[in-house]
Amino acid sequence: MKHFLIGLTIFISGFSSAQTQSFISELQACRAETNSTARLACYDNLPLTSAPQQAVKKAQNQLASSKSAPAVTHKAKQAPQPEASRENQVKNFGLDKVIEPKDKVEKIYVNKEVILSGGAINSPQLLMLSGVGPSEHLKDKGIDVVHNLEGVGRNLQDHLETYVQQECKTSDTLYSYVNKLNMLRIGIQWFLSRTGPCSTSFLEAGGFCKSSPEREYPNIQFHFFPAFVVDHGLVDPDRHGYQLHASPNHPKSRGHITLNSSNPYDYPKIQFNYLEHEDDLKQTIECIHVARKILGQNSLKPFAGKETGPGEHVQTDELFEEYIRSKAETAYHPSCTLKMGTDNKAVVDEKLKVHGLDNLRVVDASVMPEITSGNLNAPTIMIAERASDFILSS
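First, a word on scope: everything that follows refers to the structure included in this document. Bear in mind the structure is a predicted one, so any value in this text is a computation, not a measurement.

Calculation rules
Residues numbered from 1 in each chain as written. Predicted model: local features only at pLDDT ≥ 70, side-chain atom pairs only at ≥ 80, totals over all residues. Heavy atoms only, no water. Helix = DSSP H or I, 4+ residues; strand = E, 2+ residues; numbered from the N terminus. Expected span 1.5 Å × (residues − 1). Buried < 20%, exposed > 50% of the residue type's maximum accessible area, 1.4 Å probe, protein only. Salt bridge = Lys/Arg side-chain N within 4 Å of Asp/Glu carboxyl O. Phe/Tyr/Trp six-rings, centres within 6.5 Å; stacked < 30°, edge-to-face > 60°. Lys NZ or Arg CZ within 6 Å of the ring centre and 35° of its normal. 1 Å grid on protein atoms, 1.4 Å probe; cavity = no way out; pocket = protein on both sides within 12 Å on 5 of 7 lines; lining within 4 Å. Points joined across faces, edges and corners; volume = space filled by probe spheres on them. Polar contact = N/O pair within 3.5 Å; in protein donor to acceptor, adjacent residues only side chain to side chain. Contact = heavy atoms within 4.5 Å.

### Observations regarding helix H7 (residues 278–295)
With 18 residues, H7 extends 26 Å between its outermost C-alpha atoms, agreeing within 8% with the 26 Å of an ideal straight helix rising 1.5 Å per residue. Burial analysis of H7 places 13 of its 18 residues in the buried class, the great majority of the element.

Pasting the structure below:
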């Protein structure tokens, strides 16, 4: 589960344009992992008009090296006065950070606003730990309610992949590199010349299509991979083979993120509710049919051995369902848990500001109202780009 815990980037607004653009670039690139949280507070009316880059970098380094990452609390009614020296003023700019092992609280203040960029799992977790979220759930965990927002952690969406796997009659697969000696050889080749098998992701062939004529738009995404993937790649394959990753891109099932407790060191509960909606299962079965047609083309016959997943004996919807429910895996596209909108489940507005709270934006894939019809990387980068425009113009 720790792989879902994407680190928190804190962006301090009130800088020059160059500083802001520099930080947005880092926001796009930074995904530092964290296992814990603290509290973060926003204050108004501080006499800081700008923040030197050096001090901001120092604070970023403190966050990256600490065992805790911040969550957000309500804006204080009266801003505490910063200390006299300029260095101390800037060093203390925006969060109440619990420092191990003595549980010391260090207060850091912001000049304008805070941007929460923890990802679709961490961002709602951090908000709820800080009292922003569904009031009944927070009370149940012993957390004081700062602001009731029923949509925090709701609307969780992901792409669910099913693998159609086929043995390969030739040695043109990654199985040739499974043994440790070959791994070392191709690793050295890449390190010295940036060439060879390690210079590619091998997920370069793919496409989009309709799973059936009744679909109005392409609703399937395929990835071709020249090896068997076993248990998310944690187990080495035992033979030559290849597979198509087939994923419906418009899932109707909705999950949620909730807290296990008020302890910030506890992992959140992640409930995707895959295949809860019957249409998701129907689309996934259609995906397998289309994948089989692709893998059965004449151009692949010199390579095609027997189908190992789901297996040539699987021909009925009941057997397809059994295979899908036992073998389908996440595409690692969690999103939509702090969705943008105006209904009672929306968490942020059109400028990514949290409804009902001042000086707080969310910039990550959690703000998507619905999951995109493909990978999340480029859309999430564009969310960050758009956020930079809002910040620079505010």
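There's plenty left to go through after this.
### A closer look at the pattern of salt bridges
Two side chains carrying opposite charge are able to pair once their charged atoms lie near each other. Taken as a whole and assessed by the stated rule, the structure comprises 13 salt bridges. Here Asp 279 makes a salt bridge to Lys 252, at a shortest N to O gap of 3.5 Å. Note that Asp 279 is positioned in helix H7 and Lys 252 in the loop between strand E11 (241–248) and strand E12 (256–258), a separation of 27 residues in sequence. Residue Lys 252 is classed as partly exposed on the basis of its relative accessible area of 44%.

### Topic: the packing of aromatic side chains
Pairs of aromatic rings are described using the distance from one ring centre to the other and the angle between the two planes. Applying the stated criterion across every chain, the model contains two aromatic pairs. An angle of 40° between the planes, with centres 5.6 Å apart, marks the rings of Phe 224 and Tyr 242 as tilted. Here Phe 224, found in strand E10 (residues 220–225), pairs with Tyr 242, found in strand E11; they are 18 residues apart in sequence, far enough to count as distant. Note on Tyr 242: relative accessible area 3%, which makes it buried. Arranged with centres 4.9 Å apart and planes meeting at 10°, the rings of Phe 272 and Tyr 274 form a pair that is stacked. Note that Arg 194 overlies the ring of Trp 190, its terminal NZ or CZ placed 4.3 Å from the centroid.

### Examining empty space enclosed by the protein
Scanning all chains against the criterion turns up five cavities of 30 Å³ or more. Each pocket or cavity is described by its volume, and for the largest cavity that value is around 130 Å³. Taken together, 13 residues line the largest cavity, and the ones lying closest to its centre are Asp 158, Leu 160, Pro 251, Tyr 274 and Asp 280.

### Focus: the side chain of Asp 280
Considering the arrangement of structural elements, one finds Asp 280 in helix H7. A polar side-chain atom of Asp 280 sits 2.6 Å from a polar atom in the side chain of Ser 253. Residues in contact with Asp 280, not counting those within four places in the same chain, are Pro 248, His 250, Pro 251, Lys 252, Ser 253 and Leu 275.

These figures capture arrangement, not role.
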